[in-house]
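Understanding the architecture of this molecule
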Amino acid sequence: MNAGPRKVDAEYAIEYLQEHPEAGLCCEDRRWWITPNANETDQQVLLLDVVEAERLKDDPRLRLVSGIAHAGRSLWVVRRMT
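Just so you know, these numbers come straight off a predicted model, no measurement behind them.

This part covers the sheet that holds strand β1 (residues 6-7). In space, the six strands of this open sheet follow the order β1-β4-β3-β2-β6-β5, with mixed pairing throughout. Every interior strand has two partners, whereas the edge strands, β1 and β5 (62-65), have only one. Two strands pair when backbone bridges link them, and strand β2 (residues 24-28) and strand β3 (residues 31-35) are joined in this way by five bridges, in the antiparallel orientation. For G24, the partnering residue across the bridge sits in β3 and is T35. On top of the sheet, helix α2 (residues 50-57) reaches β2, β3, β4 (46-48), β5 and β6 (73-78); it is set at about 55° to β3, its chief contact.

Next comes the structure, spelled out in structure tokens:
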């Protein structure tokens with residue numbers, strides 16, 4: 001039985017993003033979620049409230065992706081460390 005996406009804090013979300021490098025943090029109209037695939041930003045696996053999401057988006061391990069297909073939507077992914 002799938003209960004849908006669950007709400008998490010910033011610490012859990014960054015762990016998820018680091019363990020799933022294809023995932024991303026999305027924002028649209030003050031709604032925040034983690035998508036399992038940054039190329040398919042409509043999917044939601046985790047939800048964040050605004051305060052937690054603001055903390056997460058400013059994490060130095062994430063970077064903002066420019067030029068995504070959805071107007072009005074923002075996407076952050078884990079930085080590639082070389």
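This is not the end of the story, as more comes after the structure.
Moving on: the packing of aromatic side chains. All chains considered together, the criterion is met by one aromatic pair. The ring of Y12 has R6 lying over it, and the distance from NZ or CZ to the ring centre is 4.6 Å.

Moving on: unusual backbone geometry. Here D29, not a glycine, exhibits a phi torsion of approximately 50°, which is positive. Structurally, the position occupied by D29 is in the loop between β2 and β3. One non-glycine residue, R30, adopts positive backbone phi at about 65°. Along the chain, R30 turns up in the loop between β2 and β3.

Before going further, it helps to spend a moment on α2. Three or more residues of α2 are buried, namely E52, A53 and L56. Each buried residue of α2 lies within a common arc of 95° when the element is viewed along its axis, so the set occupies one face. Tucked inside the fold, the buried residues of α2 contact α1 (10-19), β2, β3, β4 and β5.

The tally for this structure, following the rule as stated, stands at zero disulfides. With no disulfide of its own, C26 lies closest to C27 among cysteine sulfurs, the gap being 8.8 Å. Its relative accessible area of 0% is what places C26 among the buried residues. Here C27 falls in the buried class, since its relative accessible area comes to 13%.

With that settled, consider the pattern of salt bridges. Tallying each qualifying case throughout the model produces eight salt bridges. Among the ionic pairs, R55 bridges to E52, the shortest N-O distance being 2.9 Å. Residue R55 and its partner E52 are located together in helix α2, separated by three residues, close to a single helical turn. We classify R55 as partly exposed; its relative accessible area is 42%.

Thresholds, definitions, all that
- Residues numbered from 1 in each chain as written.
- Predicted model: local features only at pLDDT ≥ 70, side-chain atom pairs only at ≥ 80, totals over all residues.
- Heavy atoms only, no water.
- Pairing = 2+ DSSP bridges.
- Helix = DSSP H or I, 4+ residues; strand = E, 2+ residues; numbered from the N terminus.
- Contact = heavy atoms within 4.5 Å.
- Axes fitted to C-alpha atoms, helices over the stretch in contact; angles between N-to-C directions.
- Phe/Tyr/Trp six-rings, centres within 6.5 Å; stacked < 30°, edge-to-face > 60°.
- Lys NZ or Arg CZ within 6 Å of the ring centre and 35° of its normal.
- Buried < 20%, exposed > 50% of the residue type's maximum accessible area, 1.4 Å probe, protein only.
- Arc of directions from axis to C-beta.
- Disulfide = S-S within 2.5 Å.
- Salt bridge = Lys/Arg side-chain N within 4 Å of Asp/Glu carboxyl O.

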